[in-house]
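Residues per chain are reported as follows:
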Amino acid sequence: MNMKKILCLVLALMMTVCCLAACGTAKNDELVMATNATFPPYEYMEGDEYKGIDIDLAQAIADKLGKELVIENVEFGTIVAGVETGKYDVGIAGMTITDERKEQVNFSDSYATGVQVVIVKDGGKVKTLDDLAGADIMIGVQQDTTGHIYASDTVENGGYGEDHVTPYLTGADAVEALKSGKVQAVIIDQEPAKEFVKVNEGLSILEAEWAVEDYAIAINKENTELLEAVNKALAEMKADGSMDKIIANYIKAE
Ligand code: ARG
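No experiment lies behind these values; they were computed from the predicted model shown.

Engineer: Tell me about the overall build of the chain, residues and numbers included.
Structural biologist: Each helix and strand counted, the chain has 9 helices and 14 strands in total. Every one of the 254 residues in the chain was classed for burial, and the buried ones make up 44%. The contacts of the chain with a sequence gap of at least 6 include a subset with a gap of at least 24, amounting to 74%. For the chain, the accessible area works out to roughly 13500 Å², and carbon and sulfur atoms hold 53% of it.

Written out as structure tokens, the structure reads:
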């Protein structure tokens, strides 16, 4: 073989390897969204169908970008890392913007306000926010959510200490624990809280707001092009009323 032939072979090989590598990651005509569909009305399952505000929002964004939406339903606590490593293009999961998460991913402009509230059992020990600090109180949360992170922080930092918090895989599991008396309160986002209280008798939401936060879409730090495209799509949807329409489909004014 002469030099030219060898060069050609090497080039061909390199191209094959490159192609294989590209095929292994998210395809360019897809928008791969990681979510945790246990969080009505933002994302939940109805039979084997994905439903919710974030699902419709993601579909609208994908349509605008001319991409096919692919939904990956994963544990909430794995979403940020998966977006960071490029496994998913976006994380859309009623996700609160926090400084810690910002170290790993970029966040789009906010598309909703989230409020952390407290669900209690009627006639139970917790009647006010102050009662949460009681020595014999156990608080249930969804693992790796802001409710979990803040509640298990130290008392000096406004939390109740790790010993007073039990994390569950889903908010619904935490609510079951509340019903059976394993925990005396559940700290979770307001709209899911309302949904859980609606379908479970004997539970109420304390009137006081425990924390107010902003929801946004998590995007890989290197993919600034996608960040800009998502922000543009969000701005359009806010301006033309389609965002309000999606939300109104799931959250009925009282
Ligand atoms: N807003 C809270 C957070 O960002 C809870 C989000 C939970 N989302 C879900 N799809 N389970 O930590």
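What follows continues from the structure just given.
Engineer: Describe in detail the sheet that holds strand β3 (residues 43–46), supporting the description with residues and values.
Structural biologist: Ordered by their spatial adjacency, 3 strands build an open sheet running β2-β3-β4, and the pairing between neighbours is antiparallel. Two strands lie at the open edges of the sheet, namely β2 (38–39) and β4 (49–51), each paired on one side alone.

Engineer: Break down the sheet that holds strand β1 (residues 30–35) for me, citing the residues and quoting the values.
Structural biologist: Overall, mixed pairing links the 5 strands, which are arranged β5-β1-β6-β14-β7 in an open sheet. In the strand order of this sheet, the two ends are held by β5 (68–73) and β7 (106–107), each with one partner. Where β1 meets β5, 6 bridges bridge the pair, whose relative direction is parallel. For M33, the partnering residue across the bridge sits in β5 and is I71.

Engineer: For unusual backbone geometry, give the residues involved together with the corresponding values.
Structural biologist: For residues that are not glycine, phi is negative in most cases, and the peptide bond is trans in most cases. With an omega of 5 degrees, the peptide bond between P40 and P41 qualifies as cis. Inspection of the secondary structure puts P41 in the loop between β2 and β3. Located in the positive-phi region is D144, a residue other than glycine, with phi close to 70 degrees. Topologically, D144 is positioned in the loop between β9 (139–142) and α5 (146–151).

Engineer: How would you summarise the pattern of salt bridges if you had to cite specific residues and measurements?
Structural biologist: A pair can form between side chains of opposite charge whenever their charged atoms are brought close. The full count for this structure, using the stated rule, is 7 salt bridges. Put simply, K125 and D136 hold a salt bridge, and the shortest N to O gap is 3.0 Å. You can see K125 sitting in the loop between β8 (112–121) and β9 and its partner D136 sitting in the loop between β8 and β9, a full 11 residues away along the chain. With relative accessibility at 51%, the residue K125 sits in the exposed group. With a shortest N-O distance of 3.3 Å, E191 and K194 are connected by a salt bridge. With a gap of 3 residues between them, E191 and K194 both fall in helix α7 (residues 190–199), about one helical turn apart. Judged by relative accessible area, K194 falls into the partly exposed class, the value being 26%. Through salt bridges with shared partners, one network takes in K64, K232 and E236.

Thresholds applied
Each residue is numbered by its place in its chain's sequence as written, counting from 1. Only residues with pLDDT of 70 or above have their local features reported here, since the model is predicted, and side-chain atom pairs are shown and tallied only from 80 upward, although totals for entire chains, interfaces and linings are computed over all residues. To obtain the side-chain values, all non-hydrogen atoms of the structure were included, while hydrogens and water were left out. Secondary structure follows DSSP: runs of H or I at least 4 residues long count as helices, runs of E at least 2 residues long count as strands, and numbering of each begins at the N terminus. Note on classification: 1.4 Å probe, protein chains only; a residue is buried when its accessible area is under 20% of the maximum for its type, exposed when over 50%, partly exposed between these limits. Pairs of residues are marked as contacts when any of their non-hydrogen atoms sit within 4.5 Å. For every accessible area listed, the method is Shrake-Rupley and the probe measures 1.4 Å; residues are considered covered only by the protein chains on display. Two strands qualify as a pair provided that DSSP identifies no fewer than 2 bridges between them. A pairing counts as a salt bridge when a side-chain nitrogen of Lys or Arg comes within 4 Å of a carboxyl oxygen of Asp or Glu.

By themselves, these are just geometric observations and shouldn't be taken as functional.
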